[in-house]
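# Overview (structure and organization)
Okay, here's what each chain looks like letter by letter:
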Amino acid sequence: GVVSCLAFASVGFATSLDQFLAAMAVQGFCAGFTVPAHGAFRAEVTPQALRGQAMSLERQAGSIISLAGPVTMGVLADVMGGQASIFMTAILMAGCHVLYMIKARPGQL
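Conventions used here
Residues numbered from 1 in each chain as written. Predicted model: local features only at pLDDT ≥ 70, side-chain atom pairs only at ≥ 80, totals over all residues. Heavy atoms only, no water. Helix = DSSP H or I, 4+ residues; strand = E, 2+ residues; numbered from the N terminus. Buried < 20%, exposed > 50% of the residue type's maximum accessible area, 1.4 Å probe, protein only. Contact = heavy atoms within 4.5 Å. Areas by Shrake-Rupley, 256 points an atom, 1.4 Å probe, with all protein chains shown as cover. pLDDT = per-residue confidence, 0-100. Core = buried A, V, L, I, M, F, W, Y, C linked by side-chain atoms within 4.5 Å. 1 Å grid on protein atoms, 1.4 Å probe; cavity = no way out; pocket = protein on both sides within 12 Å on 5 of 7 lines; lining within 4 Å. Points joined across faces, edges and corners; volume = space filled by probe spheres on them. Nonpolar A, V, L, I, M, F, W, Y, C, P; charged D, E, K, R; others polar.

Before going further, it helps to spend a moment on the overall build of the protein chain. When you go through the protein chain residue by residue, the secondary structure sums to 5 helices and 0 strands. Reading the helices (α) and strands (β) of the protein chain from amino to carboxyl end gives α-α-α-α-α. For the protein chain, the C-alpha atoms occupy an extent of roughly 50 × 25 × 20 Å along the three principal directions. For the protein chain, with 109 residues in total, the buried portion stands at 17%. The long-range share in the protein chain, meaning contacts at least 24 apart out of those at least 6 apart in sequence, stands at 52%. Carbon and sulfur atoms provide 72% of the accessible area of the protein chain, an area that totals close to 7700 Å².

So, on to the confidence of the model for the protein chain. Looking at the protein chain, pLDDT values average 84 and 94% of them are 70 or higher. Taken element by element, the predicted model of the protein chain shows its lowest mean pLDDT in helix H3 (residues 34-45) (79) and its highest in helix H2 (residues 17-31) (90).

So, on to the nonpolar core. Ranked by size, the top nonpolar core spans 8 residues in total: Cys5, Phe8, Ala9, Val11, Ala23, Ile86, Ala90 and Met93. Put simply, the parts of the chain that give this core at least two residues each are helix H1 (2-10) and helix H5 (82-103). Those residues in contact with Met93, other than ones at most four positions away along the chain, are Ser4, Cys5, Phe8 and Gln27.

There is about 1700 Å³ of room inside the largest pocket. Together, 38 residues line the largest pocket, and Thr34, His38, Ile65, Cys96 and His97 are the ones closest to its centre. Mapped onto the lining of the largest pocket, the elements with two or more residues apiece are H1, H2, H3, helix H4 (51-80) and H5. Looking at the lining of the largest pocket, the element that brings in the most residues is H4, giving 14 residues. Across the lining of the largest pocket, the residue classes tally to 22 nonpolar, 13 polar and 3 charged.

Our next topic: H1. For an α-helix, the turn length of 3.6 residues means that residues three or four places apart are oriented alike. Of all the positions in H1, only Ser4, Cys5, Ala7, Phe8 and Ala9 are classed as buried. Looking at the buried residues of H1, the elements they touch are H2, H4 and H5.

Before going further, it helps to spend a moment on the side chain of Gln27. Structurally, the position occupied by Gln27 is in helix H2. Classification of Gln27 by relative accessible area gives buried; the value is 13%. Excluding residues within four positions of it along the chain, Gln27 makes contact with Ser4, Ala7, Phe8 and Met93.

Next up, the structure:
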């Protein structure tokens, strides 16, 4: 989570296409670990009879975010500028990771 957020934030400092692509490659590589992690976490905390519903809800939430995220970032870019929108998004990503780490600790669910 930390490396993914830092890689995304570094996009705001990119001054060339190579730097941009390198930062996005690192961010994408790190983000690729979230799908199996979410699946494992969901299977662990969801009763077996409700796992299909949990998977469906997670997929629906992902679809909504896939639509709302670019629009929200575009609005932020219009209001604050492109670099600031990237930094705000990275901060939001970091906040979500911290919240997940707090909520996902064993014995607290």
